[in-house]
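Breakdown of the fold
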Amino acid sequence: MAETAIEMVGVNKWFGDFHVLKDINLSVAEGERVVVCGPSGSGKSTVVRCINRLELHQKGAIRINGAQVTERPEDLGGEVGMVFQQFNLFPHLTVLQNLTLGPMKSRGLSRAEAEARARHYLERVRIPEQADKRPAQLSGGQQQRVAIARSLCMEQKVMLFDEPTSALDPEMISEVLDVMVELAEEGMTMIVVTHEMGFARKVADQMVFMDAGEIVETGPPAEFFEAPKSKRCQTFLSQILSH
Amino acid sequence: MFGARPVNLFLLCAGLMVLSGCSSSATWGWYVINPSTPTGWTNIKFLIGGMGDTILISLIAAALSITIGLLVALPGLSDRWYIRIWNRVYVEFVRSIPLLPMLFWVFYGLPIIFRSMGLNIPIDPFWGAIITLAISDSAFTAEIYRAGIQSIAKGQTEAAQTVGLRYVQTMRYVILPQAIRRILPPLANQFIYIVKMSAFASVIGMQELTRRANELVVTEYRPLEIYSLLILEYLVLVLIISAGVRWLERRMGSDERG
Ligand SMILES: Nc1ncnc2c1ncn2[C@@H]1O[C@H](COP(=O)(O)OP(=O)(O)O)[C@@H](O)[C@H]1O
Ligand SMILES: [Mg+2]
């Protein structure tokens, strides 16, 4: 049995009076791929952001590789990678500098080591030739692949994706998904928030459906897509699969 | 070169024309500041001799102000009110004190506090002026930093955190390099403000530009000529600073594209 990479037990969170996460229980084994879906505003981003401490929860426990998380994201020391919907690349740095900053400053790599690693991962996301450009000179799909490479350069065990293709033009979605499928095949532990159900069917070990701050349904993709148990999940799936 | 804008050159020329326009009439006596006569030359050397102190006071005060300003701005960006409050208290308090009373307080009052604490720290006019200018200006630079840093999207901080950067590293490598382009122009305006306000140092006996002009007026009874020259001296200083800032902005702009 694989080790547990991420564990959420009875996690609750409020934004002021608004109860945004209600008793979230989720366990992700090492090497497991979890795809989270659900209507907009259901709390998917908040779950992911609680895991890497960009948001703090008020009740319950979150453990990463067995260790209880603390308040501050930097205490994770980049252990949990994150790919944002809006890429969030550093616009004042070149692609290469975007990739070497974390490894050099938080992992103590030398410039040469960090650059070698950066070029290796740029190769992996298939844009080695863009190393010296600024993010603004790249297409959306290329920028998101740089963001993935930036995260990979930290060589974390877990990667979180928050709607990584939602801000992309349709013709660029597949170049990003292809990279993600490769990562999944190599055994990276991943939590992916996405509405790309083709991707979900291909890589997910576990599907999670959220609505109104709750995890309504979980299960392996075969069951999840063929025979969703809850009404809310059925409605949601019929809506997004119809177009 | 200096990249002076036409409007600035125009100002300079207009100033010179006013001076020379008056020169034929009895109201204007070139001789006090006429470089070709020994007295005039001595006077001019005396007046312009204050340039060094004005520049030095302004530069040191500005350096202190941009340092204090950053240290005051950072707590103002916290999401915890009991940290943020320190920023507000400092900014609101310092901003409400007029420069001249603060100068008197620092120069005449502060040494008494030091003495009562058993410290022997004399405050001479030079440092009295610098401390006052730096503190007074730091409330404004703090607000400039705060606005500049807040204008950088939250996603930048979050991305920096997820690649393991700590707070100071995030500021240094991600936020400030982006914010500096928006911060620089208003900071430059503050520097111009400091140069002009440094004239107040004259009242505590600092022999900078304004003090020297006052002293010369007392002996020569030629206020129009001497104060006109004084204004020109400040104008030249400010023009040089503006040109320097534009050069810096252009350089940064070309870094951005790349
Ligand atoms: N910082 C915040 N302050 C207050 N409410 C928030 C904040 N972030 C998100 N919310 C609210 O929490 C709910 C869940 O948001 P989110 O997790 O982003 O949903 P999803 O990613 O599923 O669309 C939404 O109703 C959103 O408006
Ligand atoms: Mg979201």
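Shown above is the structure to which this text applies.
Residues numbered from 1 in each chain as written. Chains lettered and ligands numbered in written order. Predicted model: local features only at pLDDT ≥ 70, side-chain atom pairs only at ≥ 80, totals over all residues. Heavy atoms only, no water.

Quick look at the side chain of Glu208 of chain B
Note on placement: Glu208 of chain B falls in the loop between α8 (167-197) and α9 (209-220). One buried charged residue, Glu208 of chain B, remains without a salt bridge, the closest side chain of opposite sign being Arg211 of chain B at 6.7 Å. (Helix = DSSP H or I, 4+ residues; strand = E, 2+ residues; numbered from the N terminus. Buried < 20%, exposed > 50% of the residue type's maximum accessible area, 1.4 Å probe, protein only. Lys, Arg positive; Asp, Glu negative; His and termini not counted. Salt bridge = Lys/Arg side-chain N within 4 Å of Asp/Glu carboxyl O.)

Section: the pairing of strand β2 (residues 18-29) of chain A
Residues and elements named next belong to chain A. For strand β1 (residues 4-15) and β2, the ladder comprises eight bridges, and the chain directions are antiparallel. When the bridges of β2 are listed, Met8 appears paired with Leu26. Joining the antiparallel neighbours β1 and β2 is a turn of two residues, in which Gly16 adopts a positive phi near 60°. (Pairing = 2+ DSSP bridges.)

Structural notes on the sheet that holds strand β5 (residues 67-68) of chain A
Residue and element names in this part refer to chain A. Read across the open sheet, the four strands follow the order β2-β1-β4-β5; overall the sheet is antiparallel. If you trace the sheet from one side to the other, it starts and ends with β2 and β5, each paired once. Direction of pairing for β1 relative to strand β4 (residues 59-64): antiparallel, over a ladder of five bridges. When the bridges of β4 are listed, Val9 appears paired with Ala61. Its contacts with the sheet place helix α1 (residues 44-51) against β1, β2 and β4, and it is angled at close to 120° to β1. (Contact = heavy atoms within 4.5 Å. Axes fitted to C-alpha atoms, helices over the stretch in contact; angles between N-to-C directions.)

A closer look at the pattern of salt bridges
All names here are of chain A. Inspection of every chain in the model, using the stated rule, returns 21 salt bridges over all chains. Here Glu186 and Arg124 are joined by a salt bridge, their closest N and O atoms 2.5 Å apart. Residue Glu186 is found in the loop between α5 (170-185) and β8 (189-193), and its partner Arg124 is found in helix α3 (residues 111-124); the two are separated by 62 residues along the sequence. For Arg124, a relative accessible area of 25% translates into the label partly exposed.

Notes on the packing of helix α6 (residues 125-150) of chain B against α8 of chain B
The packing of two helices is summarised by the inter-axis angle and the distance between the axes. Residue and element names in this part refer to chain B. Between α6 and α8, the shortest axis-to-axis distance is 8 Å and the interhelical angle comes to 145°. Like other packed secondary-structure pairs, α6 and α8 cross with a definite hand, here right-handed. The segment α6 lies against α8, with Leu133, Ser136, Asp137, Phe140, Thr141, Ile144, Tyr145, Gly148 and Ile149 engaging Met171, Ile175, Leu176, Ala179, Ile183, Pro186, Leu187, Gln190, Tyr193, Ile194 and Met197. (Left-handed = near helix turned anticlockwise from the far one by under 90°.)

Some thoughts on the site of ligand 1
All names here are of chain A. Neighbouring ligand 1 are the residues Phe15, Phe18, Val20, Pro39, Ser40, Gly41, Ser42, Gly43, Lys44, Ser45 and Thr46. At a separation of 2.7 Å, an oxygen atom of ligand 1 approaches a polar backbone atom of Gly41. Taking Gly43, its main chain carries an N or O atom lying 3.0 Å from an oxygen atom of ligand 1. The protein chains hide 59% of the 560 Å² of surface that ligand 1 would expose on its own. No other element matches α1, which puts three residues into the shell around ligand 1. (Near = heavy atom within 4 Å. Polar contact = N/O pair within 3.5 Å; in protein donor to acceptor, adjacent residues only side chain to side chain. Areas by Shrake-Rupley, 256 points an atom, 1.4 Å probe, with all protein chains shown as cover.)

Read these as geometric descriptors, not functional statements.
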